[in-house]
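As a plain string of letters, each chain reads:
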Amino acid sequence: MAECIFCKIVAKELPSRLVYEDDDIIAFNDLNARAPLHVLVVPRRHVERLSDLDDAALAGKLALAAARIARDAGHGDNFRLVVNNGAGAGQSVFHLHFHVLGGRQFTWPPG
Ligand code: AMP
């Protein structure tokens, strides 16, 4: 998608602080971190939102990468995984991403 900022990050046309990449996904630090650890785990291919994803293997890779990133950052026992699905749920970038947040106390319910 030509105008998608995460597609541009995937294509390395925009800079990012890369945490992990493989053939299917990349992970990079959120520009506006909401916690000491705040990484976005993103499929390379453009999928607008989780409710459009029909690939169980890719969903599993995203989730396992998120858990591994939290563990490698020292937050394996306490981290939060967030997917904002749709504008009404707070999604602002319409390329699927899992937020991995760690390193502070979280409250429930989220805002
Ligand atoms: P969401 O609101 O769930 O769609 O989350 C989008 C996230 O992308 C926000 O937390 C933004 O801070 C983050 N973000 C937007 N642009 C960039 C960028 N160029 N590099 C890293 N993170 C970004």
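That block above? That's the structure.
Residues numbered from 1 in each chain as written. Predicted model: local features only at pLDDT ≥ 70, side-chain atom pairs only at ≥ 80, totals over all residues. Heavy atoms only, no water.

(A) Examining the packing of aromatic side chains more closely. Counted according to the given criterion, the structure contains one aromatic pair. Between F6 and F28, the aromatic rings sit 5.3 Å apart at their centres with planes inclined by 80°, giving edge-to-face as the arrangement. In this pair, F6 sits in helix α1 (residues 5-10) while F28 sits in strand β2 (residues 25-29), placing the two residues 22 residues apart along the sequence. (Phe/Tyr/Trp six-rings, centres within 6.5 Å; stacked < 30°, edge-to-face > 60°. Helix = DSSP H or I, 4+ residues; strand = E, 2+ residues; numbered from the N terminus.)

(B) Representation of the sheet that holds strand β1 (residues 18-21) in the model. An order of β1-β2-β3-β5-β4 is seen for the five strands of this open sheet, with the pairing classed as antiparallel. Each edge of the open sheet carries a strand with a single partner, namely β1 and β4 (79-82). On average, each strand axis in the sheet is inclined to that of its neighbour by 20°, with strand direction left out of account. One ladder, built from five bridges, connects strand β3 (residues 37-43) with strand β5 (residues 98-102); its direction is antiparallel. Looking at the pairing, V41 lines up with F98 of β5. Sitting on the sheet, helix α2 (residues 56-72) is in contact with β1, β2, β3, β4 and β5, with an inclination near 160° to β3. (Pairing = 2+ DSSP bridges. Axes fitted to C-alpha atoms, helices over the stretch in contact; angles between N-to-C directions. Contact = heavy atoms within 4.5 Å.)

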